[in-house]
Amino acid sequence: MKRFWTWLLSLFGIKPSVLPQELIDNTTAYVEPEDYDPTNYIDDDYMPDDELINELDEEDEEPLERLSSKFAVIIGINKYDPTLNSDLNGCVNDAEAMYKVLTETYKFPHDNIRMLTDFRATRDNIMERIEWLLEHDIPGDELVLHYSGHSSQVRDRDNDELNDYLDEILCPTDLDWDYPLTDDDIRWVFAQKAEDVFLTFICDSCHSGTITKAIDFSSITPEHPDKPRYIKPPIDIKSREGVEPLPVHKIGVIDKNDRDIISQEHVLLSGCRDDQTSADAYIDGKWQGALTSSLIAAIKKNPNRDWSAIHADVISILNVGGYSQRPQLSGEDNLIKGRTIFGA
């Protein structure tokens, strides 16, 4: 056999002296060195290959920082406690219309919008969604809160003492006059807004108890009478106000006399002045909020404008429609002038 290997390899010019001894001896194809010990190559920290790969991937993988984006909470409430006799007609339509304009015109991601309508729009759910909205804190984030429904005013209690002012309140579907959703609640959540995050609050309702004196009957038809988006407090709650007029803490508006707050760091578009009604109206063949429908009409004309221009257009559209209500716009100049609404 040795001669055979010598002859075969000589054909390729290979000298037998360089052959491995194990081949010359016709033993195995490979023989481990005498000092080879497999245990020398496995230490106590040995782990299977798949676990090692996963661990290395986790070490190399750094969390991706989210880019700024757009988020919204949209609330529309038609249905209230039947004993209040205060159901509305156009608030859910408002919510649907706002969802459409935010997603289609201003490219809000569908997954970044939370909606509450009718019996799901409880006090707790509303507060939970607003808190969720204000959790987004990447500089440049665009946050929108839109509310369509009833509002009111109450003189709230601080323990056993009556406050020396009236609170404007939003009216959730489970309205509790002894546990209202007040301007203080909204203000507390708004105070959580991160720096360089943009917040817009659109409130299509009215708060003042004098609003029934200011309904413009020119816009009312017998078939579809307009309704004010205001619920009058029951007599036991109303009696707290006393005889003398009290100052009002306005919802979404920063009190300039509060030394703890420097400025209103959000845009507020409210439905009307204190002495006016914000109408739930039959417009273009369906029930809508006069403010919301006019806002969307102004956006359709030209969406790439600042709040100052949009606001002026909204008032013009309401005038043409025969509505006397004057939506109120407030916020710092750098938020309402020169910056396109909703970060378009």
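Since the model is a prediction, treat every value here as computed from it, not as a measurement.

A. Fine view of the overall build of the chain. Scanning the chain for helices and strands turns up 10 helices and 15 strands. For the chain, buried positions account for 44% of its 344 residues. Looking at the chain alone, contacts between residues at least 24 apart form 74% of all its contacts between residues at least 6 apart.

B. Up close: the sheet that holds strand β2 (residues 113–117). Pairing within the open sheet is mixed, and its 6 strands lie in the order β2-β1-β3-β9-β12-β15. The strands lining the two open edges of the sheet, one partner per strand, are β2 and β15 (328–330). The average undirected angle you get between the axes of adjacent strands in this sheet is 5 degrees. The pairing of strand β3 (residues 142–148) with strand β9 (residues 198–204) spans 7 bridges and is classified as parallel. In the strand pairing of β9, Ser148 is matched with Asp204. Contacts from helix α8 (residues 290–301) reach β3, β9 and β12 (267–270), with the element oriented near 130 degrees to β9.

C. Local environment of the environment of Leu166. One can find Leu166 in strand β7 (residues 166–170). Owing to a relative accessible area of 6%, Leu166 belongs among the buried residues under this scheme. For the pair Leu166 and Val154, spaced 12 residues apart in the sequence, the C-alpha separation amounts to 5.4 Å.

D. Geometry of the packing of helix α4 (residues 91–105) against α8. It is at 10 Å that the axes of α4 and α8 come closest, and there the two elements cross at 20 degrees. As judged from the angle between their axes, α4 and α8 are roughly parallel. The interaxial crossing formed by α4 with α8 has left-handed handedness. From α4, Asp94, Ala97, Met98, Val101 and Thr105 reach across to α8, where they touch Thr292, Leu295, Ile296 and Ile299. Tallied by class, residues from the contact of α4 with α8 come to 6 nonpolar, 2 polar and 1 charged.

E. Just the packing of helix α5 (residues 123–134) against helix α6 (residues 183–190), in detail. In the contact formed by α5 and α6, the axes pass within 9 Å of each other and the chain directions differ by 25 degrees. Put simply, α5 runs roughly parallel to α6. Taken as a pair, α5 and α6 cross one another with a handedness that is right-handed. Residues Arg123, Met127, Ile130, Glu131 and Leu134 of α5 form the contact with α6, whose participating residues are Asp185, Ile186, Trp188, Val189 and Phe190.

Rules and cut-offs
Residues numbered from 1 in each chain as written. Predicted model: local features only at pLDDT ≥ 70, side-chain atom pairs only at ≥ 80, totals over all residues. Heavy atoms only, no water. Helix = DSSP H or I, 4+ residues; strand = E, 2+ residues; numbered from the N terminus. Buried < 20%, exposed > 50% of the residue type's maximum accessible area, 1.4 Å probe, protein only. Contact = heavy atoms within 4.5 Å. Pairing = 2+ DSSP bridges. Axes fitted to C-alpha atoms, helices over the stretch in contact; angles between N-to-C directions. Parallel < 35°, antiparallel > 145°, perpendicular 65-115°, else oblique. Left-handed = near helix turned anticlockwise from the far one by under 90°. Nonpolar A, V, L, I, M, F, W, Y, C, P; charged D, E, K, R; others polar.

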